Amino acid sequence: MDAFIHHITRSSEYSPSAVKAYRIDLTQFVAFLADTAPGIAVAEITPRVVQSYAEHIADLKPATVGRKLSALKTLFDWLWLRGEVASNPVQALKRPRNRAEETRWVTAEDGVALLAACRDDRERAILAT
């Protein structure tokens with residue numbers, strides 16, 4: 001992991017905040033492995049192990065889970081290019097989609113109340129626009 005962090009630190013593709021996030025995300029994955037599969041070698045990490053990790057972090061926001069899995073995918077892509085793993089175990093994993101929040105519309109009653117709360121014509125014009 002340290003070699004990978006060093007690699008992305010030198011790359012112009014990653015901002016300092018992205019490098020920091022990757023370091024945190026990968027450290028959390030390593031901690032998960034230490035608890036659930038102590039002594040597992042990088043080459044032994046399977047899609048099932050990654051799926052187990054995804055289930056472990058499933059209570060987080062979908063964007064956070066996606067970022068953590070993206071960090072793992074990038075790490076394993078890099079390891080694959082270096083010949084340290086035969087395949088990327090994150091590749092087959094489905095990433096969570098951000099749930100679209102339901103649009104909340106202003107009701108007619110709320111609109112009337114907002115217009116009535118305006119202090120002058122200027123505020124009413126801005127609100128009406």
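Further up the page is the structure itself.
The model shown is predicted, which means the values in this text are computed figures rather than measured ones. Here the residue numbers are simple positions, counted from 1 along each chain's written sequence. pLDDT decides what is reported in this predicted model: residues at 70 or higher carry local features, side-chain atom pairs at 80 or more are listed and counted, and totals for whole chains, interfaces and linings draw on all residues regardless. With hydrogens and water stripped out, all remaining heavy atoms of the structure feed into the side-chain values.

Focus on the overall build of the protein chain
Phase 1 of the analysis: Secondary structure follows DSSP: runs of H or I at least 4 residues long count as helices, runs of E at least 2 residues long count as strands, and numbering of each begins at the N terminus. The secondary structure content of the protein chain amounts to six helices and zero strands.
Phase 2 of the analysis: Secondary structure elements in the protein chain, listed N-terminal to C-terminal, are α-α-α-α-α-α.
Phase 3 of the analysis: Computation of the radius of gyration draws on C-alpha atoms alone. For the globule rule, the value is 2.2 Å times the number of residues to the power 0.38. In summary, the protein chain has a C-alpha radius of gyration of 23 Å against a globular reference of 14 Å for 129 residues, an excess of more than 25%.
Phase 4 of the analysis: Overall, the C-alpha framework of the protein chain stretches about 70 × 30 × 25 Å when taken along its three principal axes.
Phase 5 of the analysis: Only protein chains enter the accessibility calculation, which uses a 1.4 Å probe; a residue whose area is less than 20% of its type maximum is buried, one above 50% is exposed, and one in between is partly exposed. Here the protein chain holds 129 residues, and 28% of them are scored as buried.
Phase 6 of the analysis: Here, two residues are considered to be in contact whenever any of their heavy atoms come within 4.5 Å of each other. Considering only intrachain contacts with a sequence separation of at least 6, the fraction spanning at least 24 residues in the protein chain is 50%.
Phase 7 of the analysis: As presented, the protein chain carries roughly 9400 Å² of accessible surface, and 54% of it is formed by carbon and sulfur atoms.
Phase 8 of the analysis: In the protein chain, the 17 positive side-chain charges and the 16 negative ones have mean positions that sit 5 Å from each other. To be clear on the numbers: accessible area is Shrake-Rupley with a 1.4 Å probe, and residue cover counts the displayed protein chains and nothing else. Charge assignment: positive for Lys and Arg, negative for Asp and Glu; neither His nor the chain ends contribute. Where a charge lies is defined by one atom per residue type, namely NZ (Lys), CZ (Arg), CG (Asp) and CD (Glu).

What about the nonpolar core?
Phase 1 of the analysis: In these notes, a set of buried Ala, Val, Leu, Ile, Met, Phe, Trp, Tyr and Cys residues joined through side-chain atoms within 4.5 Å is what counts as a nonpolar core. Among the nonpolar cores identified, the biggest contains 26 residues, and Phe4, Leu69 and Leu72 are the most heavily contacted of them.
Phase 2 of the analysis: Among the elements of the structure, helix H1 (2–10), helix H2 (16–36), helix H3 (47–56) and helix H4 (62–81) are those that each provide at least two residues to this core.
Phase 3 of the analysis: Per element, the largest residue contribution to this core is eight residues, and it comes from H4.
Phase 4 of the analysis: Filtering out sequence-adjacent residues up to four positions away, leucine 72 remains in contact with Leu26, Phe29, Val50, Tyr53 and Val90.

What about the packing of H1 against H2?
Phase 1 of the analysis: Only the stretch in contact is used when a helix axis is fitted, and all axes are lines through C-alpha atoms; the angle between N-to-C directions ranges over 0 to 180 degrees. One way to put it is that H1 packs onto H2 with a least axis distance of 10 Å and a crossing angle of 165 degrees. Comparing the axis directions of H1 and H2 gives the class roughly antiparallel. As H1 runs across H2, the sense of the crossing is right-handed. Only Val19, Tyr22, Arg23 and Leu26 of H2 make contact with H1, whose side of the interface consists of Phe4, Ile5, Ile8 and Thr9.
Phase 2 of the analysis: Asp, Glu, Lys and Arg are counted as charged, while Ala, Val, Leu, Ile, Met, Phe, Trp, Tyr, Cys and Pro are counted as nonpolar; the rest, among them Gly, fall into the polar class. Among the residues forming the contact of H1 with H2, the class breakdown is six nonpolar, one polar and one charged. Each angle gets one of four labels, with under 35 degrees taken as roughly parallel, over 145 as roughly antiparallel, 65 to 115 as roughly perpendicular, and the rest as oblique. Helix crossings fall into two classes, left-handed where the near helix is turned counterclockwise from the far one by less than a right angle and right-handed where it is turned clockwise.

With respect to the packing of aromatic side chains
Phase 1 of the analysis: Here a Phe, Tyr or Trp ring, Trp counted by its six-membered ring, pairs with any other such ring whose centre lies within 6.5 Å, and the pair is stacked when the planes are under 30 degrees apart, edge-to-face when over 60, and tilted otherwise. Counting across every chain of the model gives five aromatic pairs.
Phase 2 of the analysis: Ring geometry for phenylalanine 29 and tyrosine 53: centres 5.0 Å apart, planes at 80 degrees, overall edge-to-face. Placement of the pair is phenylalanine 29 in helix H2 and tyrosine 53 in helix H3, with a sequence separation of 24 residues.
Phase 3 of the analysis: For tyrosine 53, a relative accessible area of 1% gives the class buried.
Phase 4 of the analysis: A network of ring pairs unites the aromatic residues Phe4, Tyr14, Tyr22 and Trp78 as a single cluster.

Observations concerning a nonpolar patch on the surface
Phase 1 of the analysis: Grouping into patches uses exposed residues only, defined as over 30% relative accessible area, and leaves out salt-bridged ones; the cut-off is 9 Å for like charges and 5 Å for nonpolar side chains (Val, Leu, Ile, Met, Phe, Trp, Tyr). We define a salt bridge as a contact between a side-chain nitrogen of Lys or Arg and a carboxyl oxygen of Asp or Glu at a distance within 4 Å. A cluster of nonpolar side chains, contributed by Val106, Leu114, Leu115 and Leu127, occupies part of the molecular surface with about 330 Å² of accessible area.
Phase 2 of the analysis: As for its placement among the helices and strands, leucine 127 is situated in helix H6 (residues 121–128).
Phase 3 of the analysis: Residue leucine 127 is classed as partly exposed on the basis of its relative accessible area of 39%.

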